[in-house]
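# Reading the structure
What follows is each chain in one-letter form.
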There are 2 protein chains.
Amino acid sequence: MGVDDRSATRERIVAAAAGLLAEGGREAVSTRGVSNAAHVQPPAIYRIFGDMQGLLDAVVSYGFQAYLDKKINRPHAADPVDDLREGWDAHVGFGVANPEFYKLMYGQPVSGTESEAAKKAAEILIGLVERVAKAGRLAVGVERAAQMIHSAGCGVTLTLIGTPPESRDPELSERTREAILAAVITEGPRASGAGRPSAVHAVALKAVLSEAEDTLSPGERHLLTEWLDRISHSW
Amino acid sequence: MGVDDRSATRERIVAAAAGLLAEGGREAVSTRGVSNAAHVQPPAIYRIFGDMQGLLDAVVSYGFQAYLDKKINRPHAADPVDDLREGWDAHVGFGVANPEFYKLMYGQPVSGTESEAAKKAAEILIGLVERVAKAGRLAVGVERAAQMIHSAGCGVTLTLIGTPPESRDPELSERTREAILAAVITEGPRASGAGRPSAVHAVALKAVLSEAEDTLSPGERHLLTEWLDRISHSW
DNA sequence: CGAGGCTGGTATCGTTGATACATGGGTGTG
DNA sequence: CACACCCATGTATCAACGATACCAGCCTCG
């Protein structure tokens, strides 16, 4: 009962804070404002969330949840690159639709600190990129490709948020997305138009290396990984 | 005397606030902190800057000034695309070196609002892109290209700021930069590997259209501009 | 049935952004 | 030369903020 009550209170506080954030931005989320909106006492916030930052983290996760669920439960498309495209579009779409949440998540990076929601999103992106790598169509390392995609997508989203809707370039997101994908993805395993074949295969091999658990010892795999990284990074 | 005094006081306040910002982040810039550091009274801040946001804007401009000066006074390279590269690197370099200033400038976009410093930076970028367009090497419209470059550069910078220095991908910036440039720039006026030739020429023509002031009437130029946009956007 | 700890509410602390009010020095006029 | 006016500066203070100490009630367990 106590636990249930607590989690219900927590839910009510987060929902109230999320409402204030969406409506009035970061500065509207104050201890007084939240306690009034959620019909709780100011100290309750600190008991449940530790401090203001804890509440904000929870709010971001809350607002991001629906988006994450959609991303996670989406069935894989035939082409893993299309999955990546859909992931990009979903990301940008969420940011534009929920600018205050987005600015809170990605607008104030603190070196080495990442909100739980951002971590989950990053993991999903890594997963999508890994599927492309396993198909042998990634021209650079998984981590690097994911960071390039995330950086560009994040920048596009913030730019769109900062532009009045009527002034937005409707193709900015798509163009930038394709620019990054073109640099990161090759036509096919054999088509070596972009990316050296050795790099492509090294990346692909690394992505599926975990399947070789019973073939190589941990030490061997570690060394092999280093070599593959060196090959793929050489391009 | 009074004016001089005032501007000197203003300078001292901004410098003190900039020091606090660089050292302790946004939250370190409080009216008390600034007045103590600058040896002025709290109300002086409001008399000079209107409110806290006014002070922060001034601080951002102040911190951005050295960077802007460098960018403006740099001699043009032989290849306008290289100018663009240098501009990108300077932008990212500034952000990584001054993360708190950068987050204040680009991390909290408000639709339709842009700080003076950001406006100046955007103008410089437009200028650089226009030079590329005049050389007939731009595959998309000037505004779109500038927005793509700015978005990606902004995202990369924020990503780097959020990553501990030892974990940063040293090539993230360069790779992303080249990915965007490859999508936006063609090899040469005739090399149509990327971008339809018609689009390339339409963009180049639009960039130099102001030179045709005495050849076309304002109305004619307006209509022609619309057509050129349609052609270049069609790709 | 009583003691102990946990939950929740009240009151309050120090600090923040912002402002009203008084004070003092410089200017212009008689 | 003296007086009055005016503007810039300094003092004191306000409401709201994040955060916390403290007390009262409840449930649990002995």
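Before reading further, recall that the structure is shown in the block above.
Everything quoted here is computed from the prediction, not taken from an experiment. (Residues numbered from 1 in each chain as written. Chains lettered and ligands numbered in written order. Predicted model: local features only at pLDDT ≥ 70, side-chain atom pairs only at ≥ 80, totals over all residues. Heavy atoms only, no water.)

## Observations regarding the overall build of chain A
Definition in use: Think of it this way: any DSSP run of H or I at least four residues long counts as a helix, any run of E at least two long counts as a strand, and we number them from the N terminus. For every residue, the accessible area (1.4 Å probe, protein chains only) is compared with the maximum for its type, and the residue is labelled buried under 20%, exposed over 50%, or partly exposed between those bounds. Note on areas: Shrake-Rupley with a 1.4 Å probe; residue coverage comes only from the protein chains shown.
Tallying secondary structure elements over chain A gives 11 helices and zero strands in all. Reading the helices (α) and strands (β) of chain A from amino to carboxyl end gives α-α-α-α-α-α-α-α-α-α-α. Within chain A, the fraction of its 235 residues that count as buried is 44%. On chain A, roughly 11,600 Å² of surface is accessible, and the fraction owed to carbon and sulfur atoms is 54%.

## Looking at helix α9 (residues 172-184) of chain B
In an α-helix there are 3.6 residues to a turn, and that puts residues three or four apart on one side. Filter applied, for reference: Multiplying one less than the number of residues by 1.5 Å gives the expected span of a helix.
Helix length check: α9(B), at 13 residues, gives a terminal C-alpha distance of 18 Å against a target of 18 Å (1.5 Å per residue), a fit within 8%. Within the span of α9(B), buried status applies to Leu172(B), Ser173(B), Arg175(B), Thr176(B), Arg177(B), Ala179(B), Ile180(B), Leu181(B) and Val184(B).

## Let's talk about the protein's contact with DNA strand D
Rules: One heavy atom within 4 Å of a molecule or strand makes the whole residue count as near it. Pairs of N or O atoms within 3.5 Å make up the polar contacts considered here, provided that, within protein, one atom can donate a hydrogen while the other can accept it, and that residues adjacent in sequence are counted only when both atoms are side-chain atoms. Any residue that is not Ala, Val, Leu, Ile, Met, Phe, Trp, Tyr, Cys, Pro, Asp, Glu, Lys or Arg is counted as polar, Gly included; the first ten are nonpolar and the last four charged.
In the vicinity of DNA strand D, the residues found are Val29(A), Ser30(A), Thr31(A), Arg32(A), Pro43(A), Tyr46(A), Asp51(A), Met52(A), Arg32(B), Gln41(B), Pro43(B) and Arg47(B). Contact distances for DNA strand D include 3.3 Å between a phosphate oxygen and a side-chain N or O atom of Ser30(A). Backbone polar atom of Met52(A) to a phosphate oxygen of DNA strand D: 3.0 Å apart, as the coordinates give it. Those elements that provide at least two residues to the surface near DNA strand D are α2 (31-38) and α3 (42-49) of chain A together with α3 (42-49) of chain B. Looking at side-chain class alone, the surface near DNA strand D contains five nonpolar, three polar and four charged residues.

## Quick notes on the protein's contact with DNA strand C
Not every one of the 13 residues close to DNA strand C is listed here, only the nearest: Gln41(A), Pro43(A), Thr31(B), Arg32(B) and Tyr46(B). Take the atoms of DNA strand C that sit within 4 Å of the protein: sugar and phosphate atoms are 49% of them. Interatomic distance of 3.0 Å between a backbone N/O atom of Met52(B) and a phosphate oxygen of DNA strand C. Taken together, the elements giving at least two residues each to the surface near DNA strand C come down to α1 (2-24) and α3 of chain A together with α2 (31-38) and α3 of chain B. Of the residues belonging to the surface near DNA strand C, the class tally is five nonpolar, three polar and five charged.

## Re the environment of Ala118(B)
All names here are of chain B. To keep things clear, this is the line we draw: The contact criterion used throughout is that any non-hydrogen atoms of two residues lie within 4.5 Å.
One can find Ala118 in helix α7 (residues 116-134). Residue classification places Ala118 among the buried positions, given a relative accessible area of 3%. Expressed as a C-alpha distance, the spacing of Ala118 and Phe64, which sit 54 residues apart in the sequence, is 8.8 Å. Residue contacts for Ala118: discarding those within four places in its chain leaves Met105 and Tyr106.

## With respect to the interface of chain A and chain B
What counts, and what does not: The buried area of a pairing is the accessible area, by a 1.4 Å probe, that goes missing from both parts when the two are put together, added over both. A pairing counts as a salt bridge when a side-chain nitrogen of Lys or Arg comes within 4 Å of a carboxyl oxygen of Asp or Glu.
Across the contact, 34 residues belong to chain A and 34 residues belong to chain B. For the chain A and chain B pair, buried surface summed over both sides reaches about 2,900 Å², with 52% attributable to carbon and sulfur atoms. The interface formed by chain A and chain B holds four salt bridges in total. If one sorts the elements of the side of chain A that touches chain B by residue count, helix α8 (residues 142-162) of chain A sits on top with 12 residues. Of the residues that constitute the side of chain A that touches chain B, the class distribution is 16 nonpolar, 13 polar and five charged.

## A short note on the packing of helix α9 (residues 172-184) of chain A against α9(B)
Threshold: Lines fitted to C-alpha atoms define the axes here, with helix axes fitted over just the stretch in contact, and angles between the N-to-C directions of these axes take values from 0 to 180 degrees. Throughout this description, any angle smaller than 35 degrees is read as roughly parallel, any larger than 145 degrees as roughly antiparallel, any in the 65 to 115 degree range as roughly perpendicular, and the remainder as oblique. Working rule for handedness: look at the near helix, and if it is turned counterclockwise from the far one by less than a right angle, call the crossing left-handed; if clockwise, right-handed.
In contact at an axis separation of 8 Å, α9(A) and α9(B) are set at 115° when each is read in the N-to-C sense. Here α9(A) is positioned roughly perpendicular relative to α9(B), judged by the angle of their axes. The handedness of the crossing between α9(A) and α9(B) comes out as right-handed. Residues Thr176(A), Ala179(A), Ile180(A) and Ala183(A) of α9(A) pack against Thr176(B), Ala179(B), Ile180(B) and Ala183(B) of α9(B). In terms of residue class, the contact of α9(A) with α9(B) is built from six nonpolar, two polar and no charged.

## A look at the relation of the copies chain A and chain B
Cut-off, in case you're wondering: Least squares is used to superpose the copies, and the fit set is the C-alpha atoms of residues whose pLDDT is at least 70 in both copies.
Of the transformation superimposing chain A on chain B, the axial component is 0.0 Å and the angular component is 180°, with the fit at an RMSD of 0.1 Å. Taken together, the rotation and translation relating the two chain copies correspond to the operation of a two-fold axis. Of the residues that chain A buries at the interface, 100% are likewise interface residues in chain B, meaning the two copies contact each other through the same surface.

## Focus: the packing of α2(B) against α3(B)
Residue and element names in this part refer to chain B. Close contact between α2 and α3 brings their axes to 8 Å; oriented N to C, the two are set at 100°. Taken together, α2 and α3 sit at an angle that is classed as roughly perpendicular. Facing α2, whose interface residues are Thr31, Val34 and Ser35, α3 presents Pro42, Ile45 and Tyr46. Here the residues of the contact of α2 with α3 are counted per class, giving four nonpolar, two polar and no charged.

## Looking at the packing of aromatic side chains
Residue and element names in this part refer to chain B. Under the convention used in this document: Put simply, two rings from Phe, Tyr or Trp (the six-membered ring, in Trp's case) pair if the centres are within 6.5 Å, and we call them stacked under 30 degrees between planes, edge-to-face over 60, tilted for the rest.
Summed over the entire model, instances satisfying the criterion amount to eight aromatic pairs over all chains. With a centroid separation of 4.7 Å and an interplanar angle of 80°, the aromatic rings of Phe64 and Phe94 are classed as edge-to-face. Of the two residues, Phe64 sits in helix α4 (residues 52-73) while Phe94 sits in helix α5 (residues 80-97), which places them 30 residues apart along the sequence. Assigned by exposure class, Phe64 and Phe94 land together as buried. Considering the side-chain rings of Tyr102 and Tyr106, the 4.9 Å spacing of their centres and the 50° angle between planes classify their relative orientation as tilted.

## Examining the pattern of salt bridges
Per the stated rule, a full pass over the model turns up 22 salt bridges over all chains. Residue Glu178(A) is joined to Arg177(A) by a salt bridge in which the shortest nitrogen-to-oxygen separation is 2.9 Å. Among the residues examined, Arg177(A) registers a relative accessible area of 9% and is labelled buried. Close ionic contact of Arg137(B) with Asp79(B) constitutes a salt bridge, the shortest N to O distance being 3.1 Å. Residue Arg137(B) is located in the loop between α7 and α8 (142-162), and its partner Asp79(B) is located in the loop between α4 and α5; the two are separated by 58 residues in the primary sequence. With relative accessibility at 23%, the residue Asp79(B) sits in the partly exposed group.

## Here we look at the nonpolar core
For the record, the criterion: As used here, the term nonpolar core means buried Ala, Val, Leu, Ile, Met, Phe, Trp, Tyr and Cys residues forming a set that is joined through side-chain atoms within 4.5 Å.
Grouped together as the largest cluster of nonpolar side chains are 120 residues, with contacts concentrated most on Leu55(A) and Leu55(B). Leave out the neighbours within four places in its chain, and Leu55(A) touches Ile13(A), Ala17(A), Val29(A), Val34(A), Ile45(A) and Phe49(A).

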